[in-house]
Amino acid sequence: MNYSEVLANARGAMGSFCKACPECNGLGCRNTIPGPGAKGIGDSAIRNYNAWKEIRVNMDTLVENGPVDTSFNLFGQDFKYPFFAGPVGAVNLHYGDKYNDENYNNVLVSACAANGIAAFTGDGVDANVMVQATKAIKSVGGIGIPTVKPWNLDIIAQKMELVKESGAFAVAMDVDAAGLPFLKNLQPPAGTKSVEDLTEIIALAMRPFIVKGVMTVKGAEKAVKAGAAGIIVSNHGGRVLDQCAASAEVLGEIASAIKGSGVKILVDGGIRSGADVFKAIALGADGVVIARPFVVSVYGAAEKGVKAYVDKIGGELADTMQMCGAHDLSEITEDMIRR
């Protein structure tokens, strides 16, 4: 099964918002709802996609011929490719009732692990979402990354116990979710975190901690100071703040600022091809995260859909590396792209 067939299947299985477009660029769903759509006019989600397309790759085949190695190591875990499935929650609300969060994560987590990558899992107002997500990760030997919302400290502590029980090799917090209304309405309040707050939360994790939602050099430096093992340059898919910069526009300056810190840098937002993965690495990322297309893949053909999408992106990355003269990820350099 190829990805075109997966898309065709998905169009008959999705809800009324996501259109399972041939290229997920934010135009078809625009600002319809917080899931497939975006906050405000939908500008940030569309800008994420467009910014990657403004970056071109430099072809150079006057290099020594040899195999291409796409393998990647994150926190001691080896992966076939430097990309991950992103965290998604409330799939039945946003994408259709074929799946709920429990069976969606069961499919996604196992299929990603079987195909050489890992999945980030989501979180939500229903406490059972994290319970089931961490069970799915435990079932594959901890090859998954639970993503905890920026709740108040008491709730975070409870969720970290689930993370530990799962054996997950890392954990993330999407601090960019601070813009979601259900967090603002909690008592005690949840949402934004100080460096001191984040330091305390990271200490609870007892495993590599990834801060998702960094969009400035200042934010990256704060995450490093708090003790993060990794960051994700992300604006939450353009869904939490309209008129936000694209992740591709700020990645390079963030990567330069924390170079040498040992902190791993991932990026998400509008990455839709293996060439985009290549561009992100050239700009200083260690790897990338892709969310919505994985949802479409699960809805389109479950485990086979995930495999088709992983093979597609992985094959495109390998082809781009070969045509630009990079034999492995360490050889992808900024002079291989044009901005």
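Everything that follows concerns the structure shown earlier in this document.
Residues numbered from 1 in each chain as written. Predicted model: local features only at pLDDT ≥ 70, side-chain atom pairs only at ≥ 80, totals over all residues. Heavy atoms only, no water.

Before going further, it helps to spend a moment on the overall build of the protein chain. For the protein chain, the helix and strand inventory stands at twelve helices and twelve strands. Taken over the C-alpha trace, the protein chain has a radius of gyration of 19 Å; the compact-globule value for 339 residues is 20 Å, and the two agree within 12%. Dimensions along the principal axes, computed over C-alpha positions, put the protein chain at roughly 60 × 45 × 40 Å. When the 339 residues of the protein chain are sorted by exposure, 55% land in the buried category. Restricting to contacts in the protein chain with at least 6 residues of sequence separation, those with at least 24 account for 72%. Here the protein chain has roughly 13,700 Å² of accessible surface; of this, 52% comes from carbon and sulfur atoms. (Helix = DSSP H or I, 4+ residues; strand = E, 2+ residues; numbered from the N terminus. Rg over C-alpha atoms; globule rule 2.2 N^0.38 Å. Buried < 20%, exposed > 50% of the residue type's maximum accessible area, 1.4 Å probe, protein only. Contact = heavy atoms within 4.5 Å. Areas by Shrake-Rupley, 256 points an atom, 1.4 Å probe, with all protein chains shown as cover.)

What follows is about helix α8 (residues 195-205). Listed as buried for α8 are Val195, Leu198, Ile201, Ile202 and Ala205. For α8, the angular spread of the buried residues around the axis is 120°, confining them to a single face. Opposite the packed face of α8, turned more than 90 degrees from it, sit the exposed residues Glu196 and Ala203. Buried residues along α8 sit in contact with α6 (153-166), β7 (171-174), β8 (209-214) and α9 (217-226). Trailing α8 by a residue or two, methionine 206 shows a phi angle of about 60°, which is positive. (Arc of directions from axis to C-beta.)

Looking now at the side chain of threonine 320. Looking at the secondary structure, you find threonine 320 in helix α12 (residues 292-324). Those residues in contact with threonine 320 that sit more than four places away from it in its chain are Val57, Gly274, Ala275 and Phe278.

Here we take up empty space enclosed by the protein. Per the counting criterion, the structure on display carries two cavities of 30 Å³ or more. Estimates place the volume of the largest cavity at around 190 Å³. Around the largest cavity, the lining comprises 21 residues; the ones closest to its centre are Cys21, Glu23, Cys24, Asn25 and Val296. Contributing elements (two or more residues each) for the lining of the largest cavity: α1 (3-11) and α12. Ranked by residues supplied to the lining of the largest cavity, first place goes to α12 with five residues. Residue lining of the second largest cavity: Cys24, Asn25, Gly26, Ala45, Asn48, Tyr49, Gly237, Gly270, Arg272 and Arg292, and that is the complete set. The leading source of residues in the lining of the second largest cavity is helix α2 (residues 43-53), at three residues. Considered class by class, the residues forming the lining of the second largest cavity number three nonpolar, five polar and two charged. (1 Å grid on protein atoms, 1.4 Å probe; cavity = no way out; pocket = protein on both sides within 12 Å on 5 of 7 lines; lining within 4 Å. Points joined across faces, edges and corners; volume = space filled by probe spheres on them. Nonpolar A, V, L, I, M, F, W, Y, C, P; charged D, E, K, R; others polar.)

In terms of burial, β8 is a largely internal element, five of the six residues being buried. Inspection of the sheet shows β7 paired to β8 by four bridges, in the parallel sense. For methionine 173, the partnering residue across the bridge sits in β8 and is valine 211. Here four bridges tie β8 to strand β9 (residues 230-233), and the two strands are oriented parallel to one another. Across the sheet, residue valine 211 finds its bridge partner in β9, namely isoleucine 231. With α9 bridging β8 and the parallel β9, this β-α-β connection has right-handed handedness. (Pairing = 2+ DSSP bridges. Right-handed = clockwise from strand over helix to strand, strands pointing away.)

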